[in-house]
Amino acid sequence: MKYGIRVAAVDDIPKGEGISIDRSVTGTDDDIALLRDDDGCVWALNNTCTHAEASLAEGWVEDGYVECPLHSSKFCLKTGAVQGLPATRDAVAHRVELRDGDVYLFPRQGS
Amino acid sequence: MVASVVVVGGGIAGVSTVGALRDGGFQGDLTLIDAGEFPYDRPPLSKDYLAGSTEIKDIALQTPQWYDDNRVRMVTEKTVAALRPGVGAVELGDGTTVSADRVVLAMGGRACRPPIPGSDSTRVHVLRTADDADRLGATLVPGARLLIVGAGLIGAEVASTAGGLGCEVVLADPVWPPLSAAFSSDVAAWLHGMHEKRGVTTVNSAVKAFKDAAGGISATFAGDSEAQSFDAALLAVGMAAETALAEAAGLRVDRGIVVDARQVTSNPAVLAVGDAATRGAAGLSVNRSEHWEAARHDGQRAAAAILGIAPPADTAPWFWTDRHGVHVEVVGALSNTDQYWQRGSVGEPPFSVFAVRDGLVVGAVSVGDSTAVRAARRLIDRGIPVDPAQLIDPTTDLRKLVRGRPTEGMK
């Protein structure tokens, strides 16, 4: 996938928030959360928290991390690395590119 | 330099302690002693685990690989018989000793069994461990009559779980509404009222006696003469800190193991974390915060103390609870003010209530509104003054109050 999938306009995602892109669009097993940090950067993680049934797109995005809306485990936006219990498994991170105000997603397959 | 640490107790406090020690660069010997087969998470014991929809291995706090990767020597299915701080060791129940420069006590507590006559019956349960949950869960068959004594967080969660399994549940508490200090009175009343709407019978009374009866247990409520019969009963009336080892070792104990702000007990070689620890100050005993995240933070502070590094920043206390399909979160304290501001309507989730004092948020409770509580926590931690009118205005983006920015375009 050379060019990625155009999944949103950057302006669709307020800073400090996220939106969820349906798996029917991404072709992945899980929906993918696009998460926009305070600095404006956009990152992509599998949307379902690795601990319980919660949507990371509804989490609190700040300082390079997203905090799960249910039990507050934090995941690194860039790598998906889990930073705190109760989750113990890292979230799957996907590559994104911003081009001309649009977000292009390069979903990691098999994840 | 500290070359070896033994952590006694594999709950969230103990596991957080070993994790924070390694994260902080501790290179020495690290041992975790636990009475169970492996450390597991306790919040599911009144919810999914009790309902039988998740298994013990699914609620392990960490994978076996994690303990290997972090070079944590696991001593499981073993109990500690005595602390020997004088010689830098703990003595196990089987007589062997494990040497340690520092011991961290993370043994939590036991569920209280108040002296109600007849409560020593095998049909009168408590809920603290997975074994307790297994025993209680075995009684929760459809149609079974369950009496829950105490409508606090655990009692309410079990009422919800048991009701969902088709049990006939009676939930008794002499206080009405329960948990009003924790939730604020309006929210507490609404949450307690959910029980009846979901088919749980609430009784505003205490139980004065139990008696084994043919195939069941009978209970008599205060003020009643007639006993009612049940298949099982649960005492959900709080916990008592596990302090026996600490007392035997001469540590200062005052309803909990007394620790300073760094989790160090009256013996500098021994620290205590989690439900068993209480932060005393100048002879005052401070109430324990018997919540999951508080225990985790205790572990992080203890690790910092052992490593001689700065502790993590303090943050307002936070907990969650789930009942009858709603997710409730509380941050800060809702009992130290008389100024409450509602965002949304109490009783129509999502909603939240903010407690405000002197222009600052001091607490918040939310039902189904995660962002409100996460914003409130940051408003409290950062001491950001607020205009309550903005808090309750549904068009206010609470994230922007935290960031100290006026509502702006999505640029």
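Below is a short write-up of the structure. (Residues numbered from 1 in each chain as written. Chains lettered and ligands numbered in written order. Predicted model: local features only at pLDDT ≥ 70, side-chain atom pairs only at ≥ 80, totals over all residues. Heavy atoms only, no water.)

### Describing the overall build of chain B
Heads up, the rule is: Strands here mean DSSP runs of E at least two residues long; helices mean DSSP runs of H or I at least four residues long; both are numbered from the N terminus. Computation of the radius of gyration draws on C-alpha atoms alone. For the globule rule, the value is 2.2 Å times the number of residues to the power 0.38. Working definition: with a 1.4 Å probe on protein chains only, accessible area under 20% of the residue-type maximum means buried, over 50% means exposed, and in between means partly exposed. What makes two residues a contact is simply this: any of their non-hydrogen atoms within 4.5 Å. Counted as positive: Lys and Arg. Counted as negative: Asp and Glu, with His and the chain ends omitted from the count. Just so you know, the charge point we use is NZ for Lys, CZ for Arg, CG for Asp and CD for Glu.
Secondary structure summary: chain B contains twelve helices and 26 strands in total. Its C-alpha atoms give chain B a radius of gyration of 23 Å, near enough to 22 Å, the size a compact globule of 411 residues would have. Taken along the three principal axes of its C-alpha coordinates, chain B extends 70 × 60 × 45 Å. Within the span of chain B, comprising 411 residues, buried residues form 52% of the whole. Taking as baseline every contact in chain B between residues at least 6 positions apart, the subset at least 24 positions apart corresponds to 58%. Side chains of chain B carry 38 positive and 47 negative charges; the gap between the two charge centres is 4 Å.

### Some thoughts on the overall build of chain A
Just so we agree on the cut-off: Calculation of accessible area relied on Shrake-Rupley with a 1.4 Å probe; when residues are assessed, cover is drawn exclusively from the protein chains displayed.
Check the secondary structure of chain A and you find one helix and nine strands. Helices and strands appear in chain A in the N-to-C order β-β-α-β-β-β-β-β-β-β. In summary, chain A has a C-alpha radius of gyration of 13 Å against a globular reference of 13 Å for 111 residues, a match within 12%. Here the C-alpha coordinates of chain A stretch approximately 35 × 30 × 20 Å along the principal axes. Every one of the 111 residues in chain A was classed for burial, and the buried ones make up 59%. When contacts within chain A are restricted to residue pairs at least 6 apart in sequence, long-range pairs at least 24 apart make up 40% of them. A total of about 4,900 Å² of accessible surface is found on chain A, and carbon and sulfur atoms cover 45% of it.

### Describing the packing of helix H1 (residues 12-23) of chain B against helix H9 (residues 292-307) of chain B
Residue and element names in this part refer to chain B. Filter applied, for reference: Only the stretch in contact is used when a helix axis is fitted, and all axes are lines through C-alpha atoms; the angle between N-to-C directions ranges over 0 to 180 degrees. Here is the rule for handedness: rotate from the far helix to the near one, and if that takes an anticlockwise turn smaller than a right angle the crossing is left-handed, while a clockwise turn gives right-handed. For this classification, Asp, Glu, Lys and Arg are treated as charged, while Ala, Val, Leu, Ile, Met, Phe, Trp, Tyr, Cys and Pro are nonpolar and the rest, including Gly, are polar.
Two elements in contact, H1 and H9, have axes whose closest approach is 7 Å; the angle formed by their N-to-C orientations is 35°. As for the relative orientation of H1 and H9, their crossing is right-handed in sense. Of the residues in H9, those in contact with Ile12, Ala13, Ser16, Thr17, Ala20 and Leu21 of H1 are Trp292, Ala295, Arg296, Gly299, Gln300, Ala302, Ala303, Ile306 and Leu307. Across the contact of H1 with H9, the residue classes tally to ten nonpolar, four polar and one charged.

### Section: the sheet that holds strand S5 (residues 89-92) of chain B
Residue and element names in this part refer to chain B. As a reminder of what qualifies: Here, any two strands with at least 2 DSSP bridges between them count as paired.
Pairing within the open sheet is antiparallel, and its three strands lie in the order S4-S5-S6. Bordering the open sheet on either side are strand S4 (80-84) and strand S6 (97-99), each of which pairs with just one other strand. Within the sheet, the average angular offset between the axes of one strand and its neighbour, ignoring direction, is 20°. When S4 meets S5, the two strands line up antiparallel, connected through four bridges. Counterpart to Val80 in the pairing with S5 is Leu92.

### Focus: the nonpolar core
Residue and element names in this part refer to chain B. Put simply, the test is: We define a nonpolar core as any set of buried Ala, Val, Leu, Ile, Met, Phe, Trp, Tyr and Cys residues linked to one another through side-chain atoms lying within 4.5 Å.
Counting residues in hydrophobic clusters, the biggest one holds 47 residues, and the most contacted among them are Val5, Phe354, Leu379 and Leu391. If one sorts the elements of this core by residue count, H1 sits on top with six residues. When sequence neighbours within four positions are dropped, the list of residues in contact with Phe354 reads Gln339, Tyr340, Trp341, Arg343, Val361, Gly363, Ala364, Ala372, Ala376, Leu391 and Leu398. Grouped together as the second largest cluster of nonpolar side chains are 24 residues, Leu50, Leu127, Ala130 and Ala236 included.

### Concerning the environment of His297 of chain B
Residue position: His297 of chain B is located in helix H9. Here the alpha-carbon distance between His297 of chain B and Gly108 of chain B, two residues 189 residues apart in the chain, equals 14 Å.

### Some remarks on the interface of chain A and chain B
Using the following cut-off: Computed with a 1.4 Å rolling probe, the buried area is the accessible surface lost when two parts are put together, summed over both parts. Whenever a carboxyl oxygen of Asp or Glu lies within 4 Å of a side-chain nitrogen of Lys or Arg, that contact is scored as a salt bridge. For the purposes of these results, a polar contact is taken to be a pair of N or O atoms within 3.5 Å, where, inside protein, one atom must be able to donate a hydrogen and its partner to accept one; residues adjacent in sequence count only when each atom of the pair is a side-chain atom.
Counting residues at the interface gives 22 residues for chain A and 26 residues for chain B. Carbon and sulfur atoms supply 47% of the area that chain A and chain B bury against each other, a total of about 2,100 Å² over both sides. Contact with chain B buries area across many residues of chain A, yet Trp60, His71 and Leu85 of chain A alone supply 33% of it, more than any other trio. There are six salt bridges connecting chain A and chain B. One salt bridge in this structure joins Glu67 of chain A and Arg374 of chain B, with 3.0 Å as the shortest N-O distance. Viewed at the interface, chain B and chain A are joined by 14 residue pairs in polar contact (both at pLDDT 80 or more). When residues in the side of chain A that touches chain B are grouped by element, the largest group, three residues, is from strand S5 (residues 60-62) of chain A. Taken together, the residues that form the side of chain A that touches chain B break down as eight nonpolar, six polar and eight charged.

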